[in-house]
Protein chains: 2
Amino acid sequence: MYGDSVDKRERLIESTRELLWERGYVGTSPKAIQERSGAGQGSMYHHFQGKSELALAAIGRNADDLRAKAEAEFAGPGSVVERIAVYLRRERDVLKGCPVGKLTQDPDVMADPDLRRPVEETFGWLTGRLAELLDEGRAAGELDRSLDPAATATALVAVLQGGYVLARAAGSPDVFAKAVEGALGLLATKEN
Amino acid sequence: MYGDSVDKRERLIESTRELLWERGYVGTSPKAIQERSGAGQGSMYHHFQGKSELALAAIGRNADDLRAKAEAEFAGPGSVVERIAVYLRRERDVLKGCPVGKLTQDPDVMADPDLRRPVEETFGWLTGRLAELLDEGRAAGELDRSLDPAATATALVAVLQGGYVLARAAGSPDVFAKAVEGALGLLATKEN
């Protein structure tokens, strides 16, 4: 019984993640979550107060997922630029968009401080970690001393988020890859 | 009479531009356009077949506006990097988002080939013009020969579009400015 309840809670969160990614917050109804997860209304309201609490759990998991993947790449082998390249070049579901970044286009998510917080914190964390790496690269003499780690890190995160936008405009993931290569090319000119 | 008709058509297009920027395509009803423009239903359907034709005119004007501003900056005085800096640093209504880029998050706009086309073409034009400028900078010895003009141009356009995303996540335009400075720092070559 307990296992079944954990399983239902899990399915509710995962279904909400999928629906948020596909349809956004406004387009995700409690009914759609119940249908996708196979959990009944009673089960949903047993585990969560409502759609907003479920969305918070789903967004939190998206954020954890983004951090865990990035951290594994940042902690990998190779030089700083190589590790950043592994992170930027990782295969992504480009035309579906970033599960975290996409939420910024959802007025209801941005208007709710609890839902916006994990989005803001995730980009803050990501930019901070990249800045640490870039600083490490400067200290090791791998990157030019003139590089501003925080500003450069912000630009790199922006390239990914903007790459999603351009790919959607073009209806093709190629332009995302091109933006990434452009950013890495610029970073390479800063290598000592 | 003729002047009045032109004026009404103009007001209909400008009202649609404002509403698309504020609320997106789905959130822009024919009724809201009529109310904002002060034009009646008869007048709206005299000038346009419906919301989609009006949106096409509005999106076309957003695209023309983006091109005209960028072209004036690209054709200005100064070195290539200086002109790109003027373009990237121009004051923008960052938290409202890019009137063109924002449309990529509008499923109904992306699903309609006629409405998506001007969005795709605008980014294609912008990337192409920036690539031309970067190539000019390479030829003049201002920029490193190793720089790939097309990929670098794509990265620069992505920085702006991603800057809007990060600014919305942070609820502040500061991060947009930081991304721009990061990109310009990367573009600044080591002393030749």
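What you are looking at is a predicted structure, and each value in this text was computed from that prediction instead of being measured.

A word on the nonpolar core. The biggest cluster of nonpolar side chains holds 95 residues, and the ones touching the most others in it are Ile84(A), Leu130(A), Ile84(B) and Leu130(B). Once you skip the residues sitting within four places of it in the chain, Leu130(A) turns out to touch Phe74(A), Ile84(A), Tyr87(A), Ala153(A), Leu156(A) and Val157(A).

Mapping chain B onto chain A leaves a residual RMSD of 0.1 Å; the transformation is a rotation of 180° accompanied by 0.0 Å of translation along its axis. In short, the pair behaves as if placed about a two-fold rotation axis. Considering only C-alpha atoms, the part of chain B nearest the rotation axis is Gly162(B), at 1.8 Å. Mapped onto chain A, 92% of the interface residues of chain B again fall at the interface, so both copies present the same surface.

Moving on: the UniProt feature "domain: HTH tetR-type" (unreviewed entry) in chain A. Under the present numbering, the feature "domain: HTH tetR-type" (unreviewed entry) in UniProt falls on residues 6-66 of chain A. Note that residues 6-66 of chain A is 80% helix and 0% strand, and that its end C-alpha atoms are spaced 23 Å apart.

To continue, consider the interface of chain B and chain A. If you look at the interface, chain B gives 40 residues, while chain A gives 40 residues. Both faces considered, chain B and chain A share a buried interface measuring about 3,200 Å² in area, 71% of it formed by carbon and sulfur atoms. On inspection of chain B and its partner chain A, the count reaches zero salt bridges. The tally of links from chain B across to chain A stands at six residue pairs in polar contact (both at pLDDT 80 or more). Only helix H7 (113-139), helix H8 (149-170) and helix H9 (174-187) of chain B provide two or more residues apiece to the side of chain B that touches chain A.

Overall, the coordinates contain zero disulfides over all chains when judged by the stated rule. The thiol sulfur of Cys98(B) is not disulfide-bonded, and the nearest other cysteine sulfur, from Cys98(A), lies at 19 Å. Assessed through its relative accessible area of 5%, Cys98(B) is described here as buried.

What follows deals with the UniProt feature "DNA-binding region" (unreviewed entry) in chain A. If you check UniProt for "DNA-binding region" (unreviewed entry), the listed places come out as residues 29-48 of chain A in our numbering. For the annotated span residues 29-48 of chain A, helix accounts for 75% and strand for 0% of the residues, and the straight-line distance between the end C-alpha atoms is 14 Å.

Procedures and definitions
Residues numbered from 1 in each chain as written. Chains lettered and ligands numbered in written order. Predicted model: local features only at pLDDT ≥ 70, side-chain atom pairs only at ≥ 80, totals over all residues. Heavy atoms only, no water. Core = buried A, V, L, I, M, F, W, Y, C linked by side-chain atoms within 4.5 Å. Buried < 20%, exposed > 50% of the residue type's maximum accessible area, 1.4 Å probe, protein only. Contact = heavy atoms within 4.5 Å. Least-squares fit on C-alpha atoms with pLDDT ≥ 70 in both. UniProt positions renumbered as here; feature names shortened; annotations may be inferred. Helix = DSSP H or I, 4+ residues; strand = E, 2+ residues; numbered from the N terminus. Buried area = accessible area lost by both parts, 1.4 Å probe. Salt bridge = Lys/Arg side-chain N within 4 Å of Asp/Glu carboxyl O. Polar contact = N/O pair within 3.5 Å; in protein donor to acceptor, adjacent residues only side chain to side chain. Disulfide = S-S within 2.5 Å.

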